[in-house]
Amino acid sequence: MFTGNARDLRKREKQAAEHAAQIAELLNKIDDLKCGALLLRPGQLAGPGFAIRRVHDRWALYA
């Protein structure tokens, strides 16, 4: 949990939004390959030839 000040929180939120935009762009590129569906499940994102899973407190790629 974040315990810093409001200014630092806003900075981190901005960085999170920038990273989320990059993720959305990459998901669109995967969709554009037309080789399979993306599946969203709690703690997991799976696609053609890969799965990204939440393992403890980190995300891990399984290909």
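Residues numbered from 1 in each chain as written. Predicted model: local features only at pLDDT ≥ 70, side-chain atom pairs only at ≥ 80, totals over all residues. Heavy atoms only, no water.

Asker: Quick question: what am I supposed to make of the pairing of strand 2 (residues 44–47) here?
Answerer: Regular strands show a simple pattern: their side chains alternate between the two faces of the sheet. Burial along strand 2 is two-sided: the residues Q44 and A46 and L45 and G47 are all buried. Inspection of the sheet shows strand 1 (residues 39–41) paired to strand 2 by three bridges, in the antiparallel sense. Bridging across to strand 2, R41 finds its partner in Q44. Hairpin geometry of strand 1 and strand 2 is characterised by an intervening segment of two residues between the two adjacent antiparallel strands and by a positive phi of about 75 degrees at G43. The hairpin formed by strand 2 and strand 3 (residues 50–55) contains two residues between the paired strands, and G49 there has a positive phi angle of roughly 90 degrees. (Buried < 20%, exposed > 50% of the residue type's maximum accessible area, 1.4 Å probe, protein only. Helix = DSSP H or I, 4+ residues; strand = E, 2+ residues; numbered from the N terminus. Pairing = 2+ DSSP bridges.)

Asker: Looking at this structure, I do not really get the packing of aromatic side chains. What am I missing?
Answerer: Given two aromatic rings, one states the distance between the centres and the angle between the planes to describe the pair. Applying the stated criterion across every chain, the model contains zero aromatic pairs. One residue, R53, lies across the ring of Y62, its end atom 4.8 Å from the ring centre. (Phe/Tyr/Trp six-rings, centres within 6.5 Å; stacked < 30°, edge-to-face > 60°. Lys NZ or Arg CZ within 6 Å of the ring centre and 35° of its normal.)

Asker: Could you clarify how one ought to interpret a positive patch on the surface in this entry?
Answerer: On the surface, R7, R10, K11 and R12 cluster together to form a positively charged patch. Following the sequence through the fold, R10 ends up in helix 1 (residues 6–32). Residue classification places R10 among the exposed positions, given a relative accessible area of 52%. (Patch = residues over 30% accessible without salt bridge, like charges linked within 9 Å, V, L, I, M, F, W, Y side chains within 5 Å. Areas by Shrake-Rupley, 256 points an atom, 1.4 Å probe, with all protein chains shown as cover. Salt bridge = Lys/Arg side-chain N within 4 Å of Asp/Glu carboxyl O. Lys, Arg positive; Asp, Glu negative; His and termini not counted. Charge placed at Lys NZ, Arg CZ, Asp CG, Glu CD.)

Asker: Help me out: how do you make sense of the sheet that holds strand 4 (residues 58–62) in this one?
Answerer: Picture the strands of a sheet paired through backbone hydrogen bonds; they go either parallel or antiparallel. Ordered in space as 1-2-3-4, the four strands form an open sheet in which the pairing is antiparallel. The two strands at the open ends of the sheet, each matched to only one other strand, are strand 1 and strand 4. Neighbouring strand axes in the sheet, compared pairwise and without regard to direction, differ in orientation by 15 degrees on average. (Axes fitted to C-alpha atoms, helices over the stretch in contact; angles between N-to-C directions.)

The values are spatial; any link to function lies outside them.
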